[in-house]
Number of protein chains: 2
Amino acid sequence: MTILLNVTDQDRLDAFHETFARELPEIPVVTSDMDYAPEDIRYIFTWRPLDDWAALPNLEIVFSVSAGIDQFGALPEHITLVKMVDPKNTQKVIDYVLAACLSCMRDFPTYAERQRQKTWETSPIVTTAETTVTILGLGEIGEKAARTLASVGFTVTGWARSPREIEGVTCKTGEDGLDNLLAEADIVVCLLPLTDETRGLLSHDFFNRMKKGASLVHAGRGAQCVFADLGDALQSGQVGNAIVDVFDTEPLPPTDPIWEMPNLLITPHVAGRTDARTSAHNVSLNLQRLRDGKDLLWCVDRGKGY
Amino acid sequence: MTILLNVTDQDRLDAFHETFARELPEIPVVTSDMDYAPEDIRYIFTWRPLDDWAALPNLEIVFSVSAGIDQFGALPEHITLVKMVDPKNTQKVIDYVLAACLSCMRDFPTYAERQRQKTWETSPIVTTAETTVTILGLGEIGEKAARTLASVGFTVTGWARSPREIEGVTCKTGEDGLDNLLAEADIVVCLLPLTDETRGLLSHDFFNRMKKGASLVHAGRGAQCVFADLGDALQSGQVGNAIVDVFDTEPLPPTDPIWEMPNLLITPHVAGRTDARTSAHNVSLNLQRLRDGKDLLWCVDRGKGY
């Protein structure tokens, strides 16, 4: 009945030890640097998938550190996968999206580039009322981000796999819907989950469907973006500004050419971060429900992939 | 009765010619590149002060291009000074302040610096609810900016020369009031007019009264900031991030060391810009009021300096 904490952040470890000591003292807690018996591990809290899930022969439940769970594609079907739901993390991502959209609207990444070149050159000033933001992905975070952007005056549209209704937000689906939205968007925000359909979506073809000079905010997953194509689009001005938080390889290696792309602001996967206490409490709550014979919360539909 | 347009932007010139042709065709309009008789000029539309106001012996009214009029300190007292009031410009500055505060809260200038150094290093994530913004200067723009920042969740305080009451915003005056506010602020926004009291205010002493690592957004006037002190404060980490829109010399010369200060985003005086049509209409409206024997709108109190 042991839970393995496969994380190294001290704040997360502290939060789990305190929470389990108080709420669920009957469950032993071990960390990956300890000497534990693999067959004792029934539960694991982790962001990275294991190289070999068979190394924990009695594993029953994987508790993901984050809301995104695409990295667990190779997890055997008989193991339950639980995603993280953290309202405070949702607010962090919304703040990031708002900061990034306003920064793009006011050309901050372009000004940072001009600053590197010591060039004083002004861009026309546009207001939120004159700016359309399209949000790709209307899950919990995307929907709330759409409402927040609309509340500060942006015109907001959204795209999702299945039809959605959000007051004040024009929502579309399908390739035709995407075409229509991209043709009108001044800023495109990617908050999509990583699936077979979204892998490589942000490519040369995608950028060419956008208005010339429109901006990209990418806080989805690194594998959704073809970074060489983004570099070309930034170089040509097809994409005017970009603010990107997710990459194929993280940390981004010092040798990666992405660091030097023009009019791009790189943030190191900090759009959101699951709160340590919230995550410990969520896992504890679910294990109490299991003990009491109740359904688990926040289980991933392995067929849909989210 | 001629008006001299002492500006070079084509959009401003076009807007004045069109507006005056339609609304006030009896007033001749000349531009500074034309061959005009100085004694004909009764009115001037200008951002820069003249080197010698006596060159226009019959000048009666100076219409400022912008809301700030500190540059007209040497204007003879008998000449009326009218500032610009443009609601669309107010909205532009508010958008800029919101973009800049969110960018500082999420460490975007620091991330841009780390990007230059190709360093993947994360900062703790804070939310608007955990962030206090102090606005220096609670004129029309400052007050509206305060309300907007509060509406997205920031805790907002404000400082002004005379006592102010703004719902949801703690307002203080005087040096003690400033001390109290600076000690609590995570972000300080300068929107003050340039006066003898505010010249050089943003100095070593000021930065040391701020919390270690707090951020500065400066959209007041260049002469309010001692830029060498700002550079030291950024270098030491006393100021965590800065976004600065105004400088002593504009355009900032390529040789100026300000370009290379760390954790600083430079924008080229683009927080706001008076709308060309609005400014032409405001001047026309005031000259119609003069013709009709009514009081002029938006006259500057030369004693107070704003």
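Residues numbered from 1 in each chain as written. Chains lettered and ligands numbered in written order. Predicted model: local features only at pLDDT ≥ 70, side-chain atom pairs only at ≥ 80, totals over all residues. Heavy atoms only, no water.

## Details of the domain arrangement of chain A
Residue and element names in this part refer to chain A.
Okay, so step 1: The domain boundaries assigned to chain A delineate domain 1 (2-86 + 274-291) and domain 2 (88-266).
Okay, so step 2: Centre-to-centre separation of domain 1 and domain 2, based on C-alpha positions: 33 Å.
Okay, so step 3: Listed by partner, the interface residues are 10 residues for domain 1 and 8 residues for domain 2.
Okay, so step 4: Together, the buried faces of domain 1 and domain 2 total about 650 Å²; carbon and sulfur atoms form 36% of this surface.
Okay, so step 5: In this structure, the salt-bridge partner of Asp70 is Arg221, at a minimum N-O distance of 2.8 Å.
Okay, so step 6: Joining domain 1 to domain 2, the criterion identifies 4 residue pairs in polar contact (both at pLDDT 80 or more).
Okay, so step 7: Its residues assigned to classes, the side of domain 1 that touches domain 2 comprises 3 nonpolar, 3 polar and 4 charged. (Domains from an automatic or database assignment. Contact = heavy atoms within 4.5 Å. Buried area = accessible area lost by both parts, 1.4 Å probe. Salt bridge = Lys/Arg side-chain N within 4 Å of Asp/Glu carboxyl O. Polar contact = N/O pair within 3.5 Å; in protein donor to acceptor, adjacent residues only side chain to side chain. Nonpolar A, V, L, I, M, F, W, Y, C, P; charged D, E, K, R; others polar.)

## Here's the deal with the sheet that holds strand S9 (residues 187-190) of chain B
All names here are of chain B.
Okay, so step 1: The strand order across the open sheet built from 7 strands is S8-S7-S6-S9-S10-S11-S12, with neighbouring strands paired in parallel fashion. Each end of this open sheet is capped by a strand with a single partner; those strands are strand S8 (170-172) and strand S12 (264-266). Across the sheet, the axes of successive neighbouring strands diverge by a mean angle of 15°, strand direction being ignored.
Okay, so step 2: Two elements, strand S6 (residues 132-136) and strand S7 (residues 155-159), share 5 bridges in a ladder whose sense is parallel. Residue pairing in the sheet places Ile135 in a bridge with Gly158 of S7.
Okay, so step 3: Across the sheet, helix H5 (residues 174-184) is in contact with S6, S7, S8 and S9; its angle to S7 comes to roughly 155°. (Pairing = 2+ DSSP bridges. Helix = DSSP H or I, 4+ residues; strand = E, 2+ residues; numbered from the N terminus. Axes fitted to C-alpha atoms, helices over the stretch in contact; angles between N-to-C directions.)

## Quick notes on the sheet that holds strand S4 (residues 61-64) of chain A
Residue and element names in this part refer to chain A.
Okay, so step 1: Across the sheet, which stays open at both edges, the 5 strands sit in the order S2-S1-S3-S4-S5 with parallel pairing between neighbours. Edge positions in the sheet fall to strand S2 (29-31) and strand S5 (80-82), since each of these pairs with one other strand and no more. Recorded for the sheet is a direction-independent mean angle of 20° between the axes of neighbouring strands.
Okay, so step 2: By the bridge criterion, 3 bridges tie strand S1 (residues 2-6) to S2 in an arrangement that is parallel. Residue Ile3 lies in a different strand from S2, and its bridge partner there is Val29.
Okay, so step 3: Lying over the sheet, helix H1 (residues 10-23) contacts S1, S2 and strand S3 (41-46), oriented at roughly 165° with respect to S2.

## Topic: the pairing of S4 of chain A
Residue and element names in this part refer to chain A.
Okay, so step 1: Of the two faces of S4, the one lined by Ile61 and Phe63 and the one lined by Val62 and Ser64 are each fully buried.
Okay, so step 2: The pairing of S3 with S4 spans 4 bridges and is parallel. Looking at the pairing, Thr46 lines up with Ser64 of S4.
Okay, so step 3: The pairing of S4 with S5 spans 3 bridges and is classified as parallel. Counterpart to Phe63 in the pairing with S5 is Val82. (Buried < 20%, exposed > 50% of the residue type's maximum accessible area, 1.4 Å probe, protein only.)

## Topic: the environment of Asn286 of chain B
Residue and element names in this part refer to chain B.
Okay, so step 1: By the secondary structure assignment, Asn286 is in helix H8 (residues 276-291).
Okay, so step 2: Note: C-alpha distance between Asn286 and Leu297 (11 residues apart in sequence) is 6.5 Å.
Okay, so step 3: Excluding its chain neighbours within four sequence positions, the residues that come into contact with Asn286 are Phe63, Val82, Leu296, Leu297 and Trp298.
Okay, so step 4: Among the polar contacts listed, one links the side chain of Asn286 to the backbone nitrogen of Leu297, at a separation of 2.8 Å.

## Focus: the interface of chain A and chain B
Okay, so step 1: With 46 residues of chain A at the interface, the matching set in chain B holds 46 residues.
Okay, so step 2: Both faces considered, chain A and chain B share a buried interface measuring about 4100 Å² in area, 70% of it formed by carbon and sulfur atoms.
Okay, so step 3: For the chain A face of the interface with chain B, the top three residues by lost area are Gln115, Lys118 and Trp120 of chain A, together amounting to 21%.
Okay, so step 4: Inspection of the region where chain A meets chain B yields 4 salt bridges.
Okay, so step 5: Between Lys118 of chain B and Glu260 of chain A there is a salt bridge, with the nearest N and O atoms lying 3.0 Å from each other.
Okay, so step 6: Linking chain A with chain B are 19 residue pairs in polar contact (both at pLDDT 80 or more).
Okay, so step 7: Of all the secondary-structure elements, those providing two or more residues to the side of chain A that touches chain B are helix H2 (87-105), helix H3 (108-116) and strand S12 (264-266) of chain A.
Okay, so step 8: Top element by residues in the side of chain A that touches chain B is H2 of chain A. It accounts for 10 residues.
Okay, so step 9: Across the side of chain A that touches chain B, the residue classes tally to 25 nonpolar, 9 polar and 12 charged.

## With respect to the relation of the copies chain A and chain B
Okay, so step 1: Its rotation angle being 180°, the transformation that places chain A on chain B also includes 0.0 Å of axial translation and leaves an RMSD of 0.1 Å. The superposition of one copy onto the other is thereby described by a two-fold rotation axis. The rotation axis passes nearest to the C-alpha of Ala99 of chain A in chain A, at a distance of 2.9 Å.
Okay, so step 2: Most of the interface of chain A is mirrored in chain B: 100% of its interface residues are interface residues there too. (Least-squares fit on C-alpha atoms with pLDDT ≥ 70 in both.)

## Looking at the environment of Pro251 of chain A
Residue and element names in this part refer to chain A.
Okay, so step 1: Turning to its location among the elements, Pro251 is positioned in the loop between strand S11 (239-244) and S12.
Okay, so step 2: Residue classification places Pro251 among the partly exposed positions, given a relative accessible area of 49%.
Okay, so step 3: Residues Pro251 and Gly303, 52 residues apart in the sequence, show an inter-C-alpha distance of 30 Å.

## A word on the confidence of the model for chain A
Okay, so step 1: For chain A, per-residue confidence averages 95 on the pLDDT scale, and 99% of positions sit at 70 or higher.
Okay, so step 2: Both scores are given for the predicted complex: the pTM is 0.89, the ipTM 0.89. (pLDDT = per-residue confidence, 0-100.)

## Quick look at unusual backbone geometry
Okay, so step 1: Note that the residue after Glu250 of chain A, namely Pro251 of chain A, is joined by a cis bond; omega there is -5°.
Okay, so step 2: Its identity is not glycine, yet Asp107 of chain B carries a phi of approximately 65°, on the positive side.
Okay, so step 3: Considering the arrangement of structural elements, one finds Asp107 of chain B in the loop between helix H2 (87-105) and helix H3 (108-116).

## Details of the pairing of strand S7 (residues 155-159) of chain A
Residues and elements named next belong to chain A.
Okay, so step 1: In terms of burial, S7 is a largely internal element, 4 of the 5 residues being buried.
Okay, so step 2: In the classification by handedness, the crossover that spans strand S6 (residues 132-136), the intervening helix H4 (residues 140-151) and the parallel S7 is right-handed.
Okay, so step 3: Looking at chain direction, S7 and strand S8 (residues 170-172) are connected through 3 bridges and run parallel. Directly across from Trp159, in S8, lies its bridge partner Lys172. (Right-handed = clockwise from strand over helix to strand, strands pointing away.)

## Some points on the side chain of Thr2 of chain B
Okay, so step 1: With respect to the helices and strands, Thr2 of chain B occurs in strand S1 (residues 2-6).
Okay, so step 2: What Thr2 of chain B contacts, discounting residues up to four positions off in sequence, is Pro28, Val30, Asp40, Ile41, Arg42 and Tyr43 of chain B.

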